[in-house]
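# Secondary and tertiary structure notes
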Amino acid sequence: MTTITQTAPLGDRTVRRIGFGAMQLAGPGVFGPPEDPDAARAVLRRAVELGVDHIDTAQVYGPDVVNELIAEALHPYPDGLVLATKVGGARDERGEWVRASRPEQLRATVEQDLRTLRTERIGLVNLRRQVGGPEPDAVPLAEQLGALTDMRDEGKLGLIGLSTVSAGIVEAALEITPIAEVQNAYGIANRTDEPVVDLCREHGIAYVPYYPLGSAFTGGPRALAADPAIASVAAGHGVSASQIALAWLLAHYDRMLLIPGTSSVAHLEENLAVDGIGLDDEDMAALDRVAHLGAPSF
Ligand SMILES: NC(=O)c1ccc[n+]([C@@H]2O[C@H](COP(=O)([O-])OP(=O)(O)OC[C@H]3O[C@@H](n4cnc5c(N)ncnc54)[C@H](OP(=O)(O)O)[C@@H]3O)[C@@H](O)[C@H]2O)c1
């Protein structure tokens with residue numbers, strides 16, 4: 001039986017391994033306000049009430065909408081709450097995701113995060129390298145990380161992470177500054193990023209998978225429930241397929257931090273209960289047979 005630790009290091013902090021991804025709180029297409037802002041704020045309050053101390057957000061969610069909901073629901077923030085944001089992208093007037101990864105754009109995004117989250121310091125900022133398509137970012141990594149380390153020196157952010165990056169970029173970044181987390185697309189049915197998970201294991205870096213339930217964009221949770229291996233292990237434990245997908249992630253690497261996204265209090269409560277699910281060797285072997293479902297490529 002795999003023993004699941006409840007907390008893990010995130011840079012020099014320690015957080016609960018199950019946090020909250022706030023992207024689902026924006027309107028359709030992660031653009032504009034949600035239909036029911038009160039319900040969105042209730043999800044955030046319930047998360048903190050249940051012990052969540054790590055919330056993933058971004059200026060691009062809305063834009064600004066999700067940060068503002070977080071501030072309205074939770075400010076003044078409880079001690080120990082780590083708010084993690086990401087820079088490197090922006091939204092155009094039609095809501096398309098576009099690159100904004102030059103050093104001055106990274107700084108402007110962090111400044112906007114500080115304003116909308118109503119804080120003087122962001123706990124962690126992820127540099128997202130790939131935005132709006134597969135083309136590599138032409139801005140040198142050292143210049144981007146230079147902008148973030150300057151803001152860290154100024155006290156505007158605590159930790160630096162990377163998102164949507166290859167193993168090569170992680171290695172190059174580690175030559176420049178400590179990296180607290182890597183946030184890439186990964187999950188039980190999308191394991192193509194395994195080499196980066198291995199690299200994080202080697203360096204003791206937190207790995208924070210986005211799309212841990214396969215993503216709303218591609219109907220992930222429904223597809224997980226239709227997989228026979230997941231369905232059978234879920235039935236054996238009397239839990240949902242989504243819970244098995246999350247429990248597998250917790251068992252796979254002890255510095256895997258979860259940020260499942262939901263706009264529903266019921267799903268939030270379900271997701272926070274997975275650290276009590278003990279997967280044994282037989283379960284883990286069965287779950288190795290899960291079919292690859294992939295994830296959106298952005
Ligand atoms: N670094 C990046 O570039 C990047 C990219 C994408 C996402 N992210 C972050 O990663 C977080 C997670 O990704 P995600 O939200 O896109 O995808 P996800 O967590 O894989 O899936 C979210 C979907 O799962 C549903 N869901 C959640 N809990 C469920 C449950 N217990 N049972 C059934 N369905 C459930 C949600 O619907 P309901 O709302 O109905 O629960 C939503 O449709 C985001 O919130 C965001 O913070 C980062």
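All figures in this text were calculated on a predicted structure; none of them were measured in a lab.

### Points about the packing of helix α1 (residues 37-49) against helix α2 (residues 65-74)
Remark: α1 packs on α2, axes separated minimally by 9 Å, with the N-to-C direction vectors making an angle of 60 degrees. By the angle between their axes, α1 is oblique relative to α2. Viewed along their axes, α1 and α2 form a crossing whose handedness is right-handed. Two secondary-structure elements touch here, α1 through Pro37, Ala40, Arg41, Leu44, Arg45 and Val48 and α2 through Leu69, Ile70, Glu72, Ala73 and Leu74. Broken down by class, the residue content of the contact of α1 with α2 amounts to eight nonpolar, no polar and three charged.

### Topic: the pairing of strand β7 (residues 122-128)
Of all seven residues in β7, seven are buried; the element is thus mostly enclosed. As paired strands, β7 and strand β8 (residues 157-163) are joined by six bridges and run parallel to one another. Residue pairing for β8: valine 125 is matched across the bridge by isoleucine 160. The handedness of the β7 to β8 crossover, carried by helix α4 (residues 141-153), is right-handed.

### Some points on the site of the ligand
If you check the shell around the ligand, you find 27 residues, and the closest are Asp56, Arg128, Leu213, Thr262 and His267. Contacts to the ligand include glutamine 24, whose side-chain N or O atom sits 2.8 Å from an oxygen atom. The side chain of threonine 262 places a nitrogen or oxygen atom 2.5 Å from an oxygen atom of the ligand. Within the complex, the protein chains bury 89% of what would otherwise be the 900 Å² of accessible surface of the ligand.

Criteria and thresholds
- Residues numbered from 1 in each chain as written.
- Predicted model: local features only at pLDDT ≥ 70, side-chain atom pairs only at ≥ 80, totals over all residues.
- Heavy atoms only, no water.
- Axes fitted to C-alpha atoms, helices over the stretch in contact; angles between N-to-C directions.
- Helix = DSSP H or I, 4+ residues; strand = E, 2+ residues; numbered from the N terminus.
- Parallel < 35°, antiparallel > 145°, perpendicular 65-115°, else oblique.
- Left-handed = near helix turned anticlockwise from the far one by under 90°.
- Contact = heavy atoms within 4.5 Å.
- Nonpolar A, V, L, I, M, F, W, Y, C, P; charged D, E, K, R; others polar.
- Buried < 20%, exposed > 50% of the residue type's maximum accessible area, 1.4 Å probe, protein only.
- Pairing = 2+ DSSP bridges.
- Right-handed = clockwise from strand over helix to strand, strands pointing away.
- Near = heavy atom within 4 Å.
- Polar contact = N/O pair within 3.5 Å; in protein donor to acceptor, adjacent residues only side chain to side chain.
- Areas by Shrake-Rupley, 256 points an atom, 1.4 Å probe, with all protein chains shown as cover.

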